[in-house]
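Here is how the chains run, residue by residue.
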Amino acid sequence: MKTDSFCFNFSLPAPLLNQQIFAIRFDASTLSPADLLVLPHHQQLQKAVVSRQAEHVAGRLMARDALLHLGVQATIPAIGSHRQPLWPENVMGSISHNRYIALATVAKMSGEGLEGIGIDIESLIESDRVTEVVDGIIGATEYAVLNSSSLSFEIALTLVFSAKESLFKALFAHVGTWFDFSAAHIESISPLTQKFTLRLVEPLSPILPAGLLFEGQWRWLDNNIVTFIRV
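Remember, predicted model here, so these are calculated numbers, not experimental data.

1. Some words on the overall build of the chain
Within the chain, the regular secondary structure consists of four helices and eleven strands. Computed over C-alpha atoms, the radius of gyration of the chain comes to 17 Å, within 12% of the 17 Å expected from 2.2 N^0.38 for 231 residues, which places it in the range of a compact globule. In terms of principal-axis extent, the alpha carbons of the chain reach across some 50 × 45 × 30 Å. Total accessible area on the chain is roughly 11,200 Å²; 52% of this is exposed by carbon and sulfur atoms. Once the 16 positive and 22 negative side-chain charges of the chain are each reduced to a mean point, those two points are 6 Å apart.

Okay, here's the thing in structure tokens:
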């Protein structure tokens, strides 16, 4: 499969170092059956469509590169019971992809308190699809935040969709299952600082009560929106 890999960073508050994101552009039309063999679990994808196979391979390759950079065993994460990546012990990570870009990032866990990491990439929601998808992304009280930003509604909606995906990935290990977008509301979006804030409006676990705030970051990448949260 034809690929082009690169890296970029999200800044983190001290004493944490910048979070390195491992990224790869790929051409799904050039995927060969041999490319799947890099996956220890390749048989689980034998019946998947080619585009899905290519996305999965690209994401796992970036996960392996991220683990190598972290200084732990550079393994390909297996697939969990909820389709989540299974990371090495004491490592947290996240993978995301669209039709031609895949991302992965990892970090070592301190073992203290709430920890998680989430990254997501989304192609822009087209204007003719907004009415179809908006109610599944935001609730009535969230419209004001999107409308008060200087972003177009389509861009803001895509950003919120991606932000909630990143949050859910970051919290998954503490909840143990996927949960609805209605569990978190967007509180703020800053095009200037490229930051956003989400608030839990439903309790998800004893350590994730309603009212808890999470700050994340976002950026553009090839006309896609990338969001990132580390807790």
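More follows now that the structure is in view.
2. With respect to the sheet that holds strand 8 (residues 184-190)
In any sheet, the strands associate via hydrogen bonds between backbone groups, in a parallel or an antiparallel arrangement. Taken in spatial order, the five strands line up as 7-11-10-9-8 in an open sheet, and their pairing is antiparallel. Looking at the sheet topology across the chains shown, the edges are occupied by strand 7 (117-123) and strand 8. Here the average twist between neighbouring strands, direction ignored, is 25°. Across five bridges, the pairing between strand 10 (residues 213-221) and strand 11 (residues 224-230) is antiparallel. Bridged to Trp220 within strand 11 is Ile225.

3. Focus: the nonpolar core
In this structure, Leu157 and Leu167 are the most contacted members of the largest nonpolar core, which totals 34 residues. Those elements that provide at least two residues to this core are helix 2 (130-133), helix 3 (143-148), helix 4 (153-175), strand 8, strand 9 (195-200), strand 10 and strand 11. At ten residues, the largest contribution of residues to this core is made by helix 4. Beyond its immediate chain neighbours, meaning those up to four positions away, Leu157 contacts Ile125, Val130, Val133, Val134, Ile137, Ile138 and Leu146. Within the second largest apolar cluster, 24 residues are counted, among which are Ile24, Ala28, Leu61 and Ala66.

4. Observations concerning the pairing of strand 7
Regular strands place their side chains on alternate faces of the sheet. Burial runs high along strand 7: six of the seven residues are buried. With seven bridges connecting them, strand 7 and strand 11 associate as antiparallel partners. Note on strand 11: the bridge partner recorded for Ser123 is Asn224.

5. Regarding unusual backbone geometry
Despite not being glycine, Asn90 shows a phi value in the positive range, around 65°. Mapping Asn90 onto the fold places it in the loop between strand 4 (85-86) and strand 5 (91-97). In this model, Gln194 sits at a positive phi of 55°, which is unusual for a non-glycine residue. As for its placement among the helices and strands, Gln194 is situated in the loop between strand 8 and strand 9.

Conventions and cut-offs
Residues numbered from 1 in each chain as written. Predicted model: local features only at pLDDT ≥ 70, side-chain atom pairs only at ≥ 80, totals over all residues. Heavy atoms only, no water. Helix = DSSP H or I, 4+ residues; strand = E, 2+ residues; numbered from the N terminus. Rg over C-alpha atoms; globule rule 2.2 N^0.38 Å. Areas by Shrake-Rupley, 256 points an atom, 1.4 Å probe, with all protein chains shown as cover. Lys, Arg positive; Asp, Glu negative; His and termini not counted. Charge placed at Lys NZ, Arg CZ, Asp CG, Glu CD. Pairing = 2+ DSSP bridges. Axes fitted to C-alpha atoms, helices over the stretch in contact; angles between N-to-C directions. Core = buried A, V, L, I, M, F, W, Y, C linked by side-chain atoms within 4.5 Å. Buried < 20%, exposed > 50% of the residue type's maximum accessible area, 1.4 Å probe, protein only. Contact = heavy atoms within 4.5 Å.

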